[in-house]
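These are the residues of each chain, in order.
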Amino acid sequence: MPANAIPRIDIPFDKRHTCWFCGEPCDQYFDYHSQPHSPHPSLAVPSCSECGKLAKQHLLTSIWDCRMAVKDALMRIYAKHLAIGINWTQAELAESEFSCKVFEGFKQSAWMMYQIARERINAPAWPIMLDGIAIEDQGHHLDFEFNGIRYSSVQAAIDYFSSQFSVDKTFLAKLVSVVGKARFSYALRLARIHIAATKELKRHILAELQEELANDR
Ligand SMILES: [Zn+2]
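Structure report, in brief.

The rules behind each value
- Residues numbered from 1 in each chain as written.
- Predicted model: local features only at pLDDT ≥ 70, side-chain atom pairs only at ≥ 80, totals over all residues.
- Heavy atoms only, no water.
- Core = buried A, V, L, I, M, F, W, Y, C linked by side-chain atoms within 4.5 Å.
- Buried < 20%, exposed > 50% of the residue type's maximum accessible area, 1.4 Å probe, protein only.
- Helix = DSSP H or I, 4+ residues; strand = E, 2+ residues; numbered from the N terminus.
- Contact = heavy atoms within 4.5 Å.
- Phe/Tyr/Trp six-rings, centres within 6.5 Å; stacked < 30°, edge-to-face > 60°.
- Lys NZ or Arg CZ within 6 Å of the ring centre and 35° of its normal.
- Donors = N, O, S within 2.8 Å, 3.2 Å for Na, K, Ca; no water.
- Tetrahedral: all angles 85-135°; square planar, octahedral: opposite > 155°, others 65-115°.
- Polar contact = N/O pair within 3.5 Å; in protein donor to acceptor, adjacent residues only side chain to side chain.
- Patch = residues over 30% accessible without salt bridge, like charges linked within 9 Å, V, L, I, M, F, W, Y side chains within 5 Å.
- Areas by Shrake-Rupley, 256 points an atom, 1.4 Å probe, with all protein chains shown as cover.
- Salt bridge = Lys/Arg side-chain N within 4 Å of Asp/Glu carboxyl O.
- Lys, Arg positive; Asp, Glu negative; His and termini not counted.
- Charge placed at Lys NZ, Arg CZ, Asp CG, Glu CD.

Of all hydrophobic cores here, the largest spans 61 residues; its most connected members are Trp20, Phe21, Ile63, Tyr151, Phe161, Leu172 and Phe184. In terms of residue count, the dominant contributor to this core is helix 2 (residues 63-77) (seven residues). Setting aside chain neighbours within four positions, we find tyrosine 151 in contact with Met75, Asp143, Phe144, Phe146, Ala156, Ala157, Tyr160 and Phe161.

Moving on, we get to the packing of aromatic side chains. For any pair of aromatic rings, the description rests on two quantities: the centre-to-centre distance and the angle between the ring planes. Inspection of the entire model under this criterion finds 11 aromatic pairs. Note on tryptophan 111 and tyrosine 114: the rings are 4.9 Å apart at their centroids and 55 degrees apart in plane angle, and the pair reads as tilted. One end of the pair, tryptophan 111, and the other, tyrosine 114, are both in helix 5 (residues 101-122), three residues apart, so they sit about a helical turn from each other. Classification of tyrosine 114 by relative accessible area gives buried; the value is 6%. Taken together through their ring pairs, the aromatic side chains of Phe144, Phe146, Tyr151, Tyr160, Phe161, Phe165 and Phe184 make up a single cluster. When the ring centre of tryptophan 20 is taken as origin, the NZ or CZ atom of arginine 67, which lies over that ring, is 5.9 Å away.

Around the zinc ion, the donor atoms from the protein are Cys19 (SG), Cys22 (SG), Cys48 (SG) and Cys51 (SG), and they sit 2.3 Å away. What the four donor atoms of the zinc ion show is an angle range of 102 to 116 degrees at the metal, which sorts the shape as tetrahedral. The motif formed by the donor residues of the zinc ion, counted along the single chain, is C-x2-C-x25-C-x2-C. Placement of the pair is cysteine 22 in the segment before strand 1 (28-32) and cysteine 48 in the loop between strand 2 (43-47) and helix 1 (49-57), with a sequence separation of 26 residues.

So, on to the side chain of serine 162. Along the polypeptide, serine 162 turns up in helix 6 (residues 154-164). Polar side-chain contacts of serine 162 include one of 3.1 Å to the backbone oxygen of aspartate 159. Apart from the residues lying within four places of it in its own chain, the contact partners of serine 162 are Val167, Lys169 and Leu172.

Looking now at a negative patch on the surface. Residues Glu208, Glu211, Glu212 and Asp216 make up a contiguous surface patch of negative charge. Here glutamate 212 is to be found in helix 9 (residues 199-216). Take glutamate 212: its relative accessible area is 46%, and that puts it in the partly exposed class.

See below:
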C-alpha cells in the first residue's frame, strides 16, 4: 500500500474478499475521503464494483449514510427481483401449474434472483475498525425490518411499497404514522384496499383510525 493511500478498514477473517455494502464477493476497495464534517477519517472499505459505483454517487456525510443510500439504490435496481418474494411464496412457485419449458426456467431462476437480491440488501456490514480501533457508528445500525427484508428506514420501506403496489405514498406514510411502524402490514393493507379512494375518503379513513386508536388507549 503506498504511503499516502487511504487506510483500509480491518477485515474479519471470514469476511475476506466480501463487499462491505452487500456481502457479495469482491476484489476492489471503495475510498471514502472524509470531509471536514465527517465523523470519521478517510477510509477504504472492500466493495463490489456495483456498490462502489453507487457509493460514489451518494457520499453524503459519513460512510454509514453512504451505505444506507447504496442499500436504497440496490432496492430500486432490484425491485422486480424483490417483488418475486412478495408476490409468491417458494411453495406456491414450486406447486404452480407452470409446466412448459419457459415457466420451468422461471421457477428455477426466479426464487434464486429474489434470494440474491434479499441477501444483498440484508447483508449486515461489520463494524468499522482502523488498526484495531473501533469507530463509533453513531446509531446508524438502526433500521426497519418487514416481511423478512431489512430496509434502511421506515421511509425506505414506504417508498418501496408505494411504488411496488402503486399506492398513494403520502397516504401510506400517514397511515404508518397513525398506526405505528410495528403495524406496517396493517397500514399497507389499508393503503392497498383504498387504492382508488378519493382524497376525501382517505382523509376520513385517517380521521376514523385516529379516533379509534385514541379510544383504545
Ligand atoms: Zn456490493
